[in-house]
Amino acid sequence: MVLAIDDLTVEFATDRGTLRAVDGVSLAVASGKTLAVVGESGSGKSVTALATMGLLPGSARIGGRIVLDGEPLTPERQRALRGGAMAMIFQEPMTSLNPAFTAGEQVAEALRIHRNLPPRAAFDAAIAMLERVRIPDAARRARQYPHQFSGGMRQRVMIAIALACAPRLLLADEPTTALDVTVQAQILALLDTLKRETGTAVVLITHDLGVVADHADDVAVMYAGRVVERAPAARLFAQPEHPYTVGLLGAVPKLAGGAGRLASIAGTVPDMRNPPAGCRFAPRCPFAISRCIAEQPPLIPITADHATACWRAPLSQILEAA
Amino acid sequence: MLRWLARRFAQIIPTLIVLSVLIFGLQQLMPGDPALILAGEERGDPMVLAQIRAELRLDRPLPEQYLNWIGNVLVGDFGFSWRIREPVAKLILQKLPVTFQLASMAFIIAVLIGVPAGILSATRRDTPTDWIANGIALFGISMPNFWLGIMMILLFSVELGWLPPSGYVSLTEDFWESIATTIMPAFVLGTGVAGVLMRHTRAAMLGALAQDYVRTARAKGVAERVVVWKHALRNALIPVVTLGTIEFGRLLAGAVLTEQIFTIPGFGKLIVDAVFNRDYPVVQGVVLATALIFVALSLVADLLYMAVNPRMRQA
Ligand SMILES: Nc1ncnc2c1ncn2[C@@H]1O[C@H](COP(=O)(O)OP(=O)(O)O)[C@@H](O)[C@H]1O
Ligand code: SF4
Ligand SMILES: [Mg+2]
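Along each chain, numbering runs from 1 in the same order as the chain's sequence is written. The lettering of chains begins at A and the numbering of ligands begins at 1, in the order of writing. Whole-chain, interface and lining totals are the exception, using all residues; otherwise, since this is a predicted model, local features are given only for residues with pLDDT of at least 70 and side-chain atom pairs are given and counted only at 80 or more. Hydrogens are left out, water is left out, and the side-chain values use all remaining heavy atoms of the structure.

Going by what an unreviewed UniProt entry lists, chain B is known as ABC transporter permease and is assigned to Plastoroseomonas arctica. UniProt positions are given in the numbering used here, feature names are shortened, and annotations may be inferred rather than shown by experiment. Of chain B, the UniProt comment under Sequence similarities (unreviewed entry) reads exactly: "Belongs to the binding-protein-dependent transport system permease family." Under the UniProt heading Subcellular location (unreviewed entry), the note attached to chain B is "Cell membrane".

Laid out in structure tokens, this is it:
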């Protein structure tokens, strides 16, 4: 495994009490594989990725273990590996690049830091990198500033920065959410190609179940700071076991390739400062029983590679019976 | 870029026309008859007064006087001082460098104090460093220049005898003596601007440090020091540069009072003397020159803004 997160917890002190944004999350991704992390906004996806990178504000209290290539990630190691062995791309291509520097300089900076290249060589390597992310006329574009690029082109520059030093792990936090559908497909196809070429492990955070179906090997479904279901992508779509996943899939158009957003499930995400005592999904769950309100269900394997956190698992049997 | 410059210059021309009319008009409202003043002992003699008026063309209609004045200004002739009997342009060129030196030194002091203090208090937000820096900035902004000036003279000249309390030696005459005569007034002038720069730098840095591109830089592995001094500062300086240019103009204007305290023969002294002596050509010339400097500085501010902001450069 390139990345193994074990029982990660992240807490923020807020004005109105402690907020546990991530509560015992465990994830793993192998080289050359894509793990999709899905879940409604606020479920702790970004915080999980930022904790891995060591980019959370100093006020965050972090527990658990994050292991990269067999070695635990300490803050020092995170600082050394950021942008080198592990990289991240963000949701907002319009604001994620520095407006004061050219695209080439921004790619070259990563190479100067992690590869110790002199400025000239770093810039040439940056041009090559911009070519690799299919930016036409890369030598000229490298000398242009972010405002001269479209959203899709900026996200390509971001990918070039992230992949410049051939990272072992790429965290892509909703990399295409802000882009229109055609550009979105191009960017994801590009990520797939680059991943195949380099064997990078990818964590793809997304809202979009259509994206999951087309680009992920495995899926982790998060709800209220916890992983509620984990399975290979094909299996998750064929046989969802958690009521929350079932609800999410409810809105995906049956035709493949449809741009299915997460279903709107009745009710709202719980206040993370004061979550329900038992199963966090209980207030919204059509399958809830009294045990659900009292006790929190652990993530338990149903098969070798399929796990779910639900007292009524395996849900598929209940659904069939109905 | 060239088109932008042309448009910018086209905008300046009406501004200058209005300015010059205003200066000329206000001049007419100043109390006291210059002919009377110039006549001196002979002020009782109507013949002498008439002769003076004719000589200075004060007997002509106002529009003619105005056109006359502005026509000469356009060819660099600011007129002739009635009092000092020297060309106004020469007086301006003599005194302007003094004030310019003072304002430049004050500006350097202000930038050297204000910008790093602003960066420091932004990166150490809500720590004692931040509070102390803000306190000092408030002190610098609110302290009256004349009071600080007098205190400094008392301490460094009277008490310690390190620096001359007044007077001026030019840079070409004796470099170090020149610095010694201007460092106190420059510091007095600079403190207020340092406070203003510090606060703006702090605000701009806080804004920049909260931007997504700062997170990108950190994700790239850029060291925190470089994140602050390169990635954030480069963007934070864009508004600060514009502000700094305007503040420089204010320093030139603010020098008037400080020059009085330290008896430095600069622009300030020139204009104060001219006003008291009703030396109209000098007053007009100095005010017009000041206005021109402000207009030029606003142009410089725009050019600098373009230079530091890539988004403007391609426009
Ligand atoms: N720096 C922070 N300080 C306090 N709360 C935070 C911070 N970052 C995220 N949170 C909270 O953590 C929870 C999870 O956020 P996030 O991981 O961004 O969700 P998402 O799954 O949409 O990416 C949210 O309730 C959010 O408000
Ligand atoms: S544990 Fe209960 S409330 Fe939670 S998802 Fe399962 S059935 Fe629903
Ligand atoms: Mg997010």
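## Concerning the overall build of chain B
When helices and strands are tallied, chain B shows 13 helices and zero strands. Counting from the amino terminus, chain B carries its helices and strands in the arrangement α-α-α-α-α-α-α-α-α-α-α-α-α. Projected onto its principal axes, the C-alpha positions of chain B cover 85 × 60 × 35 Å. Exposure is judged per residue with a 1.4 Å probe applied to protein chains only, and the accessible area is read against the type maximum: over 50% gives exposed, under 20% gives buried, and values in between give partly exposed. Split into buried and exposed, the 315 residues of chain B put 42% on the buried side. In chain B, the proportion of contacts linking residues at least 24 apart, taken out of those at least 6 apart, comes to 72%. To be clear on the numbers: accessible area is Shrake-Rupley with a 1.4 Å probe, and residue cover counts the displayed protein chains and nothing else. Summing over all exposed atoms, chain B offers an accessible surface of approximately 16200 Å²; the carbon and sulfur share of this is 69%. Runs of E in the DSSP output that reach at least two residues are strands. Runs of H or I that reach at least four are helices, and both are numbered from the N terminus. We call two residues in contact when some of their heavy atoms are within 4.5 Å.

## A short note on the site of ligand 1
Residue and element names in this part refer to chain A. Any residue with a non-hydrogen atom lying within 4 Å of a molecule or strand is treated as near it. Taken together, Phe12, Leu19, Ala21, Glu40, Ser41, Gly42, Ser43, Gly44, Lys45, Ser46, Val47 and Pro57 make up the full set of residues near ligand 1. N or O atoms within 3.5 Å of each other form a polar contact, as long as, within protein, one can give a hydrogen and the other can take it, and as long as residues adjacent in sequence are counted only when both atoms are side-chain atoms. At 3.1 Å from an oxygen atom of ligand 1 is found a main-chain nitrogen or oxygen belonging to Gly44. One of the side-chain N or O atoms of Lys45 is found 2.9 Å from an oxygen atom in ligand 1. Coverage of ligand 1 by the protein amounts to 66% of the 560 Å² it exposes when considered alone. Secondary-structure elements contributing two or more residues to the shell around ligand 1 are β2 (17–29) and α1 (45–53). The element that contributes the greatest number of residues to the shell around ligand 1 is α1, accounting for three residues.

## Side note on a nonpolar patch on the surface
Residue and element names in this part refer to chain B. Together, Phe139, Phe146, Trp147, Ile150, Met151, Leu154, Val158 and Leu257 give the surface a local cluster of nonpolar side chains, amounting to about 770 Å² of exposed area. In terms of residue count, helix α7 (residues 145–159) provides more of the nonpolar patch than any other element does, six residues in total. Looking at where Met151 falls in the secondary structure, it is placed in helix α7. Patch membership needs two things, relative accessible area over 30% and no salt bridge, and members are linked within 9 Å if like-charged or within 5 Å if nonpolar (Val, Leu, Ile, Met, Phe, Trp, Tyr). Counted as salt bridges are all cases of a side-chain nitrogen of Lys or Arg within 4 Å of a carboxyl oxygen of Asp or Glu.

## Let's talk about unusual backbone geometry
Going from Ala313 of chain A to Pro314 of chain A, the amide bond is cis rather than trans, its omega being -5 degrees. One non-glycine residue, Asp126 of chain B, lies in positive phi territory at about 60 degrees.

## Notes on the interface of chain B and chain A
On the side of chain A, 25 residues touch chain B, which itself brings 18 residues to the contact. Take the accessible area each of two parts loses on contact, using a 1.4 Å probe, and add the two losses: that sum is the buried area. Here chain B packs against chain A, burying approximately 2000 Å² in sum over the two surfaces, 57% of which is carbon and sulfur. On the chain B side of the contact with chain A, Arg215, Ala219 and Lys220 of chain B bury the most area, a combined 30% of that side's loss. Inspection of the chain B/chain A interface yields three salt bridges. In this structure, Lys220 of chain B and Glu109 of chain A form a salt bridge, with 2.8 Å as the shortest nitrogen-oxygen distance. At the surface where chain B touches chain A, the tally comes to 13 residue pairs in polar contact (both at pLDDT 80 or more). When residues of the side of chain B that touches chain A are traced back to their parent elements, those giving at least two are α9 (212–220), α10 (224–261) and α13 (310–313) of chain B. Counting residues per element, the side of chain B that touches chain A draws most heavily on α9 of chain B, which supplies seven residues.

## What to know about the domain arrangement of chain B
Residues and elements named next belong to chain B. Domain parsing of chain B yields domain 1 (2–74) and domain 2 (98–314). Each partner contributes residues to the interface: domain 1 has 18 residues there, and domain 2 has 16 residues. Both faces considered, domain 1 and domain 2 share a buried interface measuring about 1700 Å² in area, 75% of it formed by carbon and sulfur atoms. If you sort the residues of domain 1 by the area they bury against domain 2, Trp4, Ile23 and Gln27 come out on top, with a joint share of 30%. Between domain 1 and domain 2 we count one salt bridge in total. Here Arg8 and Asp302 are joined by a salt bridge, their closest N and O atoms 2.5 Å apart. Where domain 1 meets domain 2, there are three residue pairs in polar contact (both at pLDDT 80 or more). Segmentation of the chain into domains, including their bounds, is taken from an automatic or database domain assignment.

## Thoughts on the site of ligand 2
Of all residues adjacent to ligand 2, which total 13 residues, the nearest are Cys279, Cys285, Cys292, Cys310 and Trp311 of chain A. Here the term charged refers only to Asp, Glu, Lys and Arg, the term nonpolar to Ala, Val, Leu, Ile, Met, Phe, Trp, Tyr, Cys and Pro, and the term polar to all other amino acids, Gly among them. Looking at side-chain class alone, the shell around ligand 2 contains 11 nonpolar, one polar and one charged residues.

## A short note on the packing of aromatic side chains
All names here are of chain A. Note on aromatic contacts: the rings of Phe and Tyr and the six-membered ring of Trp form a pair at centre separations within 6.5 Å, being stacked when their planes are under 30 degrees apart, edge-to-face when over 60 apart, and tilted otherwise. Scanning the model with the defined rule gives 10 aromatic pairs over all chains in all. Here Tyr223 and Tyr244 contribute two aromatic rings whose centre-to-centre distance is 4.6 Å and whose plane-to-plane angle is 55 degrees, an arrangement assigned as tilted. Taken together, the residues span a long stretch of sequence, with Tyr223 in strand β9 (residues 218–223) and Tyr244 in helix α10 (residues 243–249) at a distance of 21 residues. For the residue pair Tyr223 and Tyr244, the accessibility class agrees, reading buried in each case. Ring plane angle 80 degrees and centroid distance 5.1 Å describe the contact between Tyr223 and Phe281, whose orientation is recorded as edge-to-face. Of the two residues, Tyr223 is situated in strand β9 and Phe281 in the loop between α10 and α11 (290–294); the sequence distance between them amounts to 58 residues. The burial state of Tyr223 is the same as that of Phe281; both residues are buried. Pairwise contacts between aromatic rings join Tyr223, Tyr244 and Phe281 into one cluster. Our definition puts a charge over a ring when NZ of Lys or CZ of Arg is within 6 Å of the ring centre and also within 35 degrees of the ring normal. A cation over a ring is seen here: Arg141 above Phe149, with NZ or CZ 4.3 Å from the ring centre. Residue placement shows Arg291 over the ring face of Trp311; its charged tip is 3.6 Å from the ring centre.

## Examining the nonpolar core
Inside soluble globular proteins, nonpolar side chains tend to come together where they are buried. All names here are of chain A. With 104 residues, the main nonpolar core has Val10, Val107, Val157, Ile159 and Leu169 as its most contacted residues. Taken domain by domain, this core gets at least three of its residues from each of domain 1 (3–85 + 165–321) and domain 2 (103–161). Residue contacts for Val157: discarding those within four places in its chain leaves Leu97, Ala103, Val107, Leu130, Ile135 and Phe149. Here, nonpolar core means buried Ala, Val, Leu, Ile, Met, Phe, Trp, Tyr and Cys residues that are tied together by side-chain atoms lying within 4.5 Å of each other.

## Re the domain arrangement of chain A
Residues and elements named next belong to chain A. Domain boundaries in chain A define domain 1 (3–85 + 165–321) and domain 2 (103–161). When each unit is reduced to the centre of its C-alpha atoms, the spacing between domain 1 and domain 2 is 30 Å. Between domain 1 and domain 2, a total of about 1200 Å² is buried, with carbon and sulfur atoms accounting for 63% of that surface. The tally of links between domain 1 and domain 2 comes to one salt bridge. Residue Arg132 is joined to Glu197 by a salt bridge in which the shortest nitrogen-to-oxygen separation is 3.1 Å. On inspection of domain 1 and its partner domain 2, the count reaches six residue pairs in polar contact (both at pLDDT 80 or more). Elements that contribute at least two residues to the side of domain 1 that touches domain 2 include exactly α2 (75–81) and α7 (181–198). Among the elements that line the side of domain 1 that touches domain 2, the one with the most residues is α7, at nine residues. Taken together, the residues that form the side of domain 1 that touches domain 2 break down as 11 nonpolar, five polar and two charged.

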